[in-house]
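Here's the letter readout for the chains.
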Amino acid sequence: EYMQGAVTEENGKVVFRQKIAAPGKNKAEIYNKLATWASLRYLPKTEKGNWKDKDYFKNYEYSEVRKGDINNGIIECVGDEEIVFSKKTLSTDFSKINYLLTIIISDGSVEAKIENIAYTYNIAEDVERIVAEDWITDAESFTKKGKLYRVNGKFRTKTIDLKNQIFEEITNAITK
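In this report, the structure presented in the accompanying data block is examined. Worth saying up front: this structure is predicted, and the values here are computed from it rather than measured.

## A few points about the overall build of the protein
No. 1: Each helix and strand counted, the protein has three helices and 10 strands in total.
No. 2: Secondary structure of the protein in N-to-C order comes out as β-β-β-α-β-β-β-β-β-β-β-α-α.
No. 3: Its C-alpha atoms give the protein a radius of gyration of 17 Å, within 12% of the compact-globule value 16 Å for 176 residues.
No. 4: Sorting the 176 residues of the protein into buried and exposed places 44% on the buried side.
No. 5: A fraction of 55% describes how many contacts in the protein between residues 6 or more apart in sequence connect residues 24 or more apart.
No. 6: Computed over 28 positive and 28 negative side-chain charges, the separation of the two mean positions in the protein equals 3 Å.

If you want it as structure tokens, here you go:
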């Protein structure tokens, strides 16, 4: 699931999309469920789970629900959270990730889109901001022999894991 083709691009930008069916549910019902989910998921300065929990996340201060419009069926969320690569006794390798999640709701379905992905990562005492297009695309993540680069690969796998987790959370919020 992390190999070539797993990171999709539109007009040279990394974009993840998923259409989720919600048969028998109307736009208002879906919107209310997702608005509740988003308000809890993107609450600034919150933490859920622990480091070893695969569903762990820690939101920073810029995490928020930016827009909620029931009439047009749109929810926009700004993700500002941690992705953890590894945790050892005295050190933790992690990065801050920022992204925009747009959810478009209609009767019986939802389209979720994650874009504008960027990372803030400490590299040898310096903090660097890296955009996904320069780090996790097929062109940037694989050697000529088709093997994942170690550093780019960890960003790629954790970003794909986060994308899968968010889409799964949206699906669960709709079906409950």
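From this point, the narrative continues.
## Some points on the packing of aromatic side chains
Aromatic ring pairs are described here by two measures, namely the spacing of the ring centres and the angle between the planes.
No. 1: Within the structure shown, the criterion is met by seven aromatic pairs.
No. 2: An aromatic cluster of three or more residues is present, and its members are Phe85, Tyr119, Tyr121, Trp135 and Phe155.
No. 3: Across the ring face of tyrosine 42, the terminal group of arginine 41 is positioned such that the distance to the ring centre comes to 5.2 Å.

## Remarks on the nonpolar core
No. 1: Leu34, Trp37, Leu101, Ile166 and Ile170 are the most contacted members of the largest nonpolar core, which totals 39 residues.
No. 2: Secondary-structure elements contributing two or more residues to this core are β3 (16-21), α1 (27-41), β7 (74-87), β8 (92-106), β9 (109-123) and α3 (150-175).
No. 3: In terms of residues, this core owes the most to one element, α3, which gives eight residues.
No. 4: Apart from residues lying up to four places away in sequence, leucine 34 is in contact with Ile75, Ile103, Ile105, Val110, Ile170, Ala173 and Ile174.

## Focus: unusual backbone geometry
No. 1: A positive phi is found at asparagine 11, a non-glycine position, where the angle reads about 55 degrees.
No. 2: Mapped onto the elements of the fold, asparagine 11 is located in the loop between β1 (9-10) and β2 (13-14).
No. 3: Here the phi dihedral of lysine 45 falls at roughly 55 degrees; this positive angle occurs in a residue that is not glycine.
No. 4: In this fold, lysine 45 is placed in the loop between α1 and β4 (47-48).

## Things to note about the pattern of salt bridges
No. 1: What the rule picks out here adds up to eight salt bridges.
No. 2: Between glutamate 81 and arginine 41 there is a salt bridge, with the nearest N and O atoms lying 3.1 Å from each other. Remark: arginine 41 occurs in helix α1 and glutamate 81 occurs in strand β7; sequence separation between them is 40 residues. When sorted by exposure, glutamate 81 lands in the same class as arginine 41, which is buried.

## A closer look at the pairing of β7
Two faces, one strand: in a regular strand the side chains alternate between the faces of the sheet.
No. 1: For β7, the buried fraction is high: 12 of the 14 residues fall into the buried class.
No. 2: Sheet topology places strand β6 (residues 64-69) next to β7; five bridges connect them, and they run antiparallel. Of the residues in β7, the one forming a bridge with lysine 67 is glutamate 76.
No. 3: Hairpin remark: β6 followed by β7, antiparallel, with four residues in the connecting loop; positive phi at glycine 73, about 65 degrees.
No. 4: One ladder, built from 13 bridges, connects β7 with β8; its direction is antiparallel. Its bridge partner lying in β8, lysine 87 is registered against threonine 92.

Conventions we followed
- Residues numbered from 1 in each chain as written.
- Predicted model: local features only at pLDDT ≥ 70, side-chain atom pairs only at ≥ 80, totals over all residues.
- Heavy atoms only, no water.
- Helix = DSSP H or I, 4+ residues; strand = E, 2+ residues; numbered from the N terminus.
- Rg over C-alpha atoms; globule rule 2.2 N^0.38 Å.
- Buried < 20%, exposed > 50% of the residue type's maximum accessible area, 1.4 Å probe, protein only.
- Contact = heavy atoms within 4.5 Å.
- Lys, Arg positive; Asp, Glu negative; His and termini not counted.
- Charge placed at Lys NZ, Arg CZ, Asp CG, Glu CD.
- Phe/Tyr/Trp six-rings, centres within 6.5 Å; stacked < 30°, edge-to-face > 60°.
- Lys NZ or Arg CZ within 6 Å of the ring centre and 35° of its normal.
- Core = buried A, V, L, I, M, F, W, Y, C linked by side-chain atoms within 4.5 Å.
- Salt bridge = Lys/Arg side-chain N within 4 Å of Asp/Glu carboxyl O.
- Pairing = 2+ DSSP bridges.

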